[in-house]
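So you can see what is in the structure, the chains are spelled out below.
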Amino acid sequence: MTDQVERNPESTVEAVGPGHADALLSFFSGLPEGDRTFIKEDVTDPATVRSWVEDGSSRWVATGADGGIDGYVAVRRLSGWSDHVAELRLVVGPQSRGTGLGRVLARHAVTEAISAGATKLVVEVVAEQGSALALFTGLGFRGEALLEDHIRDRSGELRDLLVLAHRVDATWSAMDTVGLSEALDGSPDPG
Ligand SMILES: CC(C)(COP(=O)(O)OP(=O)(O)OC[C@H]1O[C@@H](n2cnc3c(N)ncnc32)[C@H](O)[C@@H]1OP(=O)(O)O)[C@@H](O)C(=O)NCCC(=O)NCCS
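Attention in this report is confined to the structure presented alongside it. (Residues numbered from 1 in each chain as written. Predicted model: local features only at pLDDT ≥ 70, side-chain atom pairs only at ≥ 80, totals over all residues. Heavy atoms only, no water.)

Per the secondary structure count, the protein chain includes seven helices and eight strands. Looking at the 191 residues of the protein chain, the share that counts as buried comes to 43%. A total of about 9,800 Å² of accessible surface is found on the protein chain, and carbon and sulfur atoms cover 49% of it. (Helix = DSSP H or I, 4+ residues; strand = E, 2+ residues; numbered from the N terminus. Buried < 20%, exposed > 50% of the residue type's maximum accessible area, 1.4 Å probe, protein only. Areas by Shrake-Rupley, 256 points an atom, 1.4 Å probe, with all protein chains shown as cover.)

So this is what it looks like as structure tokens:
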């Protein structure tokens, strides 16, 4: 299933599939290294990306009119006693930022994670990254943990990592305001 992206009408959100292997590798290898780290897997390794396109579950891309990839989002379910928790991993290509694509991909992932039964969603963002913070707080995420000096940026400087969390039950009414319940139903919200 595909979704047309609102403020970026050239892009379409679609599930990762066999046709995306080369475009995904080229997207990830074109990203600054610091941005790749948010995906947490070795995204420049062809074997890793090929295993994703064969599996195809819980990963989506935004593709442009030329078939190239502008953004990627994944929902990874934690295991064992945290298997009610889903972690989001999101990255938008530098040339496509600020057009609303990150928000569209994040909303898509939140909707899919809730549909799959996750009751808590988490995402890790660099503490000073305004766009990631604005994006996820706008979707009902709140700061839950601050890990000081937890990561090093490209120049080797230590930076704080913020864990944002979204409790599905507690924030359900807030989700109405961003249209997530509408997306889940597939029908307009009467209220
Ligand atoms: C975070 C990221 C996905 C945002 O992607 P994007 O496509 O630029 O996001 P959007 O255009 O949808 O903007 C999202 C919000 O951030 C705001 N924003 C955009 N750039 C901003 C900036 N430099 N400073 C503050 N806010 C900003 C927008 O106004 C928007 O808020 P709004 O919807 O209330 O207007 C992108 O910057 C990225 O890939 N960063 C590297 C990886 C990362 O940090 N991932 C997140 C954790 S996994």
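Continuing now.
What follows covers the layout of surface pockets. Empty space within the largest pocket amounts to approximately 880 Å³. The wall of the largest pocket is formed by 35 residues, among which Asp-35, Phe-38, Leu-90, Gln-129 and Ala-132 lie closest to the centre. Those elements giving two or more residues to the lining of the largest pocket turn out to be α2 (33–36), β5 (85–92), α4 (101–115), β6 (120–126), α5 (130–138), β7 (142–152) and β8 (158–167). It is β5 that contributes the most residues to the lining of the largest pocket, six residues altogether. For the lining of the largest pocket, a count of residues per class yields 14 nonpolar, nine polar and twelve charged. (1 Å grid on protein atoms, 1.4 Å probe; cavity = no way out; pocket = protein on both sides within 12 Å on 5 of 7 lines; lining within 4 Å. Points joined across faces, edges and corners; volume = space filled by probe spheres on them. Nonpolar A, V, L, I, M, F, W, Y, C, P; charged D, E, K, R; others polar.)

Another point: the site of the ligand. In the region of the ligand, 22 residues are neighbours, and Val-92, Gly-98, Gly-100, Gly-102 and Gln-129 sit closest. Backbone polar atom of Val-92 to an oxygen atom of the ligand: 2.8 Å apart, as the coordinates give it. Protein contact buries 73% of the 940 Å² of open area that the ligand shows by itself. Placement of the ligand is best described as lying within the largest pocket. Contributions of two or more residues to the shell around the ligand are made by β5, α4, β6 and α5. Per element, the largest residue contribution to the shell around the ligand is five residues, and it comes from α5. For the shell around the ligand, a count of residues per class yields ten nonpolar, seven polar and five charged. (Near = heavy atom within 4 Å. Polar contact = N/O pair within 3.5 Å; in protein donor to acceptor, adjacent residues only side chain to side chain. Sits in = over half its atoms within 2 Å of the grid points.)

Mapped onto the elements of the fold, Arg-59 is located in strand β3 (residues 59–63). Within the structure, the side chain of Arg-59 is placed 2.9 Å from the side chain of Tyr-72, a separation counted as a polar contact. Filtering out sequence-adjacent residues up to four positions away, Arg-59 remains in contact with Ala-15, Val-16, Glu-41, Trp-52, Tyr-72, Val-73, Ala-74 and Arg-76. (Contact = heavy atoms within 4.5 Å.)

This part is about the pattern of salt bridges. Across all of its chains, the model carries nine salt bridges by this definition. Members of the salt-bridge network, linked through shared partners, are Lys-40, Glu-41, Arg-59, Glu-87, Arg-89 and Glu-124. (Salt bridge = Lys/Arg side-chain N within 4 Å of Asp/Glu carboxyl O.)

All right, on to the packing of α4 against α5 then. With their axes 10 Å apart at the nearest point, α4 and α5 run at an angle of 40° to one another. Judged by the inter-axis angle, α4 sits oblique to α5. The handedness of the crossing between α4 and α5 comes out as right-handed. Between α4 and α5, the residues in contact are Gly-102, Arg-103 and Ala-106 and Leu-135, Phe-136 and Gly-138, respectively. Residues belonging to the contact of α4 with α5 are distributed by class as follows: three nonpolar, two polar and one charged. (Axes fitted to C-alpha atoms, helices over the stretch in contact; angles between N-to-C directions. Parallel < 35°, antiparallel > 145°, perpendicular 65-115°, else oblique. Left-handed = near helix turned anticlockwise from the far one by under 90°.)

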